[in-house]
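# A look at the structure
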Amino acid sequence: METSLRHQRNAEKLKRKMRIDKAFKYLFFLAALLSGSCILLIVLFILIKGIQPFLPGYRYGQMDLLQFLFGTMWRQDQAVYGVGYIVINTLISAFGALLLSFPISVLTALFIAKIAPRKLSAMLSTVVELLASIPSVVYGVFAAGMIVKLVKWLASLWGISTAGGSSLLAVILLLAIMIFPTITSMAVTAIQAVDHELELGSLALGATKTQTNFKVVLKSAKSGIFAGAILGLGRAFGEATAVSMVAGNKLFGPTFDLFDITRTLTSTMLAGLKETTGLDYDIRFSVGIVLMAVILVSNLILNAVKEKVGNHG
Amino acid sequence: MNVTKKQQRQRTLKDAFLNGLTAFSSMLSVLVLTILLGYVFSKGIGLVNVDLLRNQYWSKSAIVAVEEGTQSGTFERPEDLPKEAVWSEKWGIALIDAVSHEKQALVLVERVDENSVFAATVDTSAGPNQGKSYPVVPGLQVQKIDFTDQQGNANFTGMLASETAEEMVHALDQAVSIRSVFIKTPGGGIRGSLIATLYLIFVSLLFALPIGVASAVYLNEIAKKNRFNGLIRSGIETLTGVPSIVYGLMGVSVLFPITAAFGATTTNILLGSLTLAIILLPTIIRSTEEALLVVPQSLRDASLSLGASETQTIFKITLPCAIPGILTGVLLSIGRIIGESAALIYTMGTFINDSPSLLSQGTSLAVHIWSVMSGEQPNFELACAISILILVFVLILNLTVKLISRRLNKAWY
């Protein structure tokens, strides 16, 4: 009987195997490199294209950067492009939605994770998942059909007339509904991750179950809940189609009146998109840069705040 | 310190209030979902039928002429004809009143006898089909019928004179010969968008799936923990936070030259697919990685110790074990493709195309909704009908994902 199979080794075959291994490793690496560099491509190309209108020698006449950044009027027909008030409008609508949605989301998350009986909690989680999976156009149709009517009715209670219900308030309500599942599911995860010992300690000290939930559990989950809020805010900033359906297209601003029409960065980018050349098209890339900058800056600030309030309090 | 009864009661009340508040908030979400579904379904369900899926969006008009010399006859009313249809014994055609989704009165052809003059008409409208046979078939919309009456005068009847089916048949019975018919194909369907959506799903997955799975394999199986690989990972994670409209901008600026190399002159479905492929990458990579993570290391070790090469181990051991996870990624991706709108508005245009091809403009179902909603007269009924289709589809996908992940959790090994 043979005791060794060593002589059966085929050096040639082995070498080929190694070569194939190496080739595939490179292939996998290339795929990962491609996926990882997409974000760089996105930022780079949009920067290049968006900056062009402000450089000398631009085909359709150089734009004034300061006027663009701080302008309070956006008229495509007159080639007046000022994005300043639109940034303010975007911030108002996104933070308004967060303000409305955040408490409801956190309370719902607490109910799902700690208070509700098991079956009810499973049902509510499904509801939240369903809300998260509804595409934004469908929310848009809903907003243009129902939320707008609600706003109109509210306005008539105060005796104010609206532009068919399209208004800042409609945008805020719509965005609040859309970011609700994001914040809620993050908050549920954070609450469920809270150390059970902490709760037991609180209960042992004589606090009621509810006191424990509100004062211990929520406080310990603070960091995760905050992360959810940041994520939700990002979604509110970037939401385009649904918002465009109810924002109206205010030509100047900023809009502080809840019942007045407004204009956000994303609705500006979608409004009247027809030609694929010309200043009116290129300027949308500049608006895109502003949008990315707004998201980035607000994320940085909120993350800094999160670090501060974080898990020390 | 002792707690008094009164304090205790206050505490209980306060707790009940707070608990009630959380329950109330949760009910709000249920309420919103119910109202949303109720609105979409009540408004759109009337339009959801096979015709919606089969019909083209734009109705086409044509004037078809009756061949010279053919005359009337006596046709028996078919027994299975619905009661509402009006039958013309002289010409062998049945007309019926209908209402379009824009709430306009229509007269539709319900039945044509095979020996009727209407079954042998010829297209006379200018175009490549001029002179070819174009019989009047059931389902077509009759705008106007020109005929010669008993006095030898040219006359016409039809919807252009806002006549009903009954009045038209009555007028036809007075006619001596029919000259031509102005017909319109039914519109308002979503066939083109449905096809375009299928294109999008297949083509974008064709690109995203191999690249995504390969990236996940690299990150999970091959990559060493170093700074560079960390950068790749965070690059992919950042992609999830990019708003979809920014992807649209990226598509037209970065990817358009690629499709132009294939001969595209406008924004097109291929461009939309490529853009979607990038949007899908993080989803596919994450779900594949999650599946790879739970494949036990011992399986890999066993394969390697038996003499399989690393490539063989990856393709024959690790990836097959991760198939449920990859499938989850694919299903989630399909959901994303169906719901995506902003990026596609930039990369595919908003023109509803009844016969889409890879290099032509077209709309997915979601963009179709945007297209009918952003006009002067938003068409809520059609938008809601398409929404119902999208919602049902997304719901099925989500349920399947849940089932698969339950399977994944009790894995076979």
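All values derive from a computational prediction rather than experimental measurement.

## A closer look at the domain arrangement of chain B
The domains assigned to chain B are domain 1 (60-184) and domain 2 (191-409). A straight line from the C-alpha centre of domain 1 of chain B to that of domain 2 of chain B covers 49 Å.

## Structural notes on empty space enclosed by the protein
Considering all chains together, one arrives at two cavities of 30 Å³ or more under this definition. Looking at the largest cavity, the residues that line it are Asp21, Phe24, Lys25 and Phe28 of chain A together with Ile222, Glu310, Thr311 and Ile314 of chain B. Elements represented by at least two residues in the lining of the largest cavity include exactly helix 1 (11-51) of chain A together with helix 9 (310-321) of chain B. Per-element accounting of the lining of the largest cavity gives the leading share, four residues, to helix 1 of chain A. Each residue belonging to the lining of the largest cavity can be placed in one class, and the counts come to four nonpolar, one polar and three charged. Counted as a void, the second largest cavity has a volume near 40 Å³. Around the second largest cavity, the lining residues are Thr90, Ser93, Leu175, Ala236, Phe237, Glu239, Val243, Thr264 and Thr266 of chain A. Looking at the lining of the second largest cavity, the elements with two or more residues in it are helix 3 (84-115) and helix 9 (222-238) of chain A. Residue composition of the lining of the second largest cavity, by class: four nonpolar, four polar and one charged.

## Here we look at the pairing of strand 7 (residues 154-158) of chain B
Residue and element names in this part refer to chain B. Taken together, the five bridges between strand 6 (residues 141-149) and strand 7 define a ladder with antiparallel strand orientation. By the bridge assignment for strand 7, Phe147 is matched with Asn155. Hairpin connection between strand 6 and strand 7: a loop of four residues separates the two successive antiparallel strands, and Gly152 in this loop has a positive phi of roughly 85°.

## Some remarks on helix 1 (residues 5-44) of chain B
Taking 1.5 Å as the rise per residue, helix 1 of chain B with 40 residues should run 58 Å; its terminal C-alpha atoms sit 58 Å apart, in good agreement. By the burial criterion, the buried members of helix 1 of chain B are Asp15, Leu18, Thr22, Ser25, Ser26, Ser29, Leu33, Leu36, Tyr39, Val40 and Gly44 of chain B.

## Structural notes on the interface of chain B and chain A
If you look at the interface, chain B gives 70 residues, while chain A gives 67 residues. Buried area between chain B and chain A, summed over both chains or domains, comes out near 6,100 Å², and the portion from carbon and sulfur atoms is 80%. Scanning the region where chain B abuts chain A turns up two salt bridges. The residue Lys402 of chain B makes a salt bridge to Glu129 of chain A at a minimum N-O spacing of 3.5 Å. Counting across the interface, chain B meets chain A through 12 residue pairs in polar contact (both at pLDDT 80 or more).

## Looking at helix 6 (residues 244-261) of chain B
All names here are of chain B. Between the first and last C-alpha of helix 6 there are 25 Å, a value that for 18 residues agrees with the 26 Å anticipated at 1.5 Å per step. Along helix 6, the largest kink reaches about 55° and is centred on Leu255; proline Pro257 follows within four residues of it. Most of helix 6 is tucked away: 13 of the 18 residues are buried. Phi turns positive one or two residues past the end of helix 6, at Gly263, with a value near 105°.

## Let's talk about the environment of Asp21 of chain A
Structurally, Asp21 of chain A is set in helix 1. Not counting the four nearest positions on each side in its chain, Asp21 of chain A is found in contact with Ser309, Glu310 and Thr311 of chain B.

## Digging into the side chain of Ser204 of chain B
All names here are of chain B. With respect to the helices and strands, Ser204 occurs in helix 4 (residues 191-222). Owing to a relative accessible area of 0%, Ser204 belongs among the buried residues under this scheme. Polar side-chain contacts of Ser204 include one of 3.5 Å to the backbone oxygen of Ile201. Residue contacts for Ser204: discarding those within four places in its chain leaves Tyr199, Ser273, Leu276, Ala277, Leu280 and Ile337.

The rules behind these values
- Residues numbered from 1 in each chain as written.
- Chains lettered and ligands numbered in written order.
- Predicted model: local features only at pLDDT ≥ 70, side-chain atom pairs only at ≥ 80, totals over all residues.
- Heavy atoms only, no water.
- Domains from an automatic or database assignment.
- 1 Å grid on protein atoms, 1.4 Å probe; cavity = no way out; pocket = protein on both sides within 12 Å on 5 of 7 lines; lining within 4 Å.
- Points joined across faces, edges and corners; volume = space filled by probe spheres on them.
- Helix = DSSP H or I, 4+ residues; strand = E, 2+ residues; numbered from the N terminus.
- Nonpolar A, V, L, I, M, F, W, Y, C, P; charged D, E, K, R; others polar.
- Pairing = 2+ DSSP bridges.
- Expected span 1.5 Å × (residues − 1).
- Buried < 20%, exposed > 50% of the residue type's maximum accessible area, 1.4 Å probe, protein only.
- Contact = heavy atoms within 4.5 Å.
- Buried area = accessible area lost by both parts, 1.4 Å probe.
- Salt bridge = Lys/Arg side-chain N within 4 Å of Asp/Glu carboxyl O.
- Polar contact = N/O pair within 3.5 Å; in protein donor to acceptor, adjacent residues only side chain to side chain.
- Bend = angle between axes of the 7 residues up to and from the residue.

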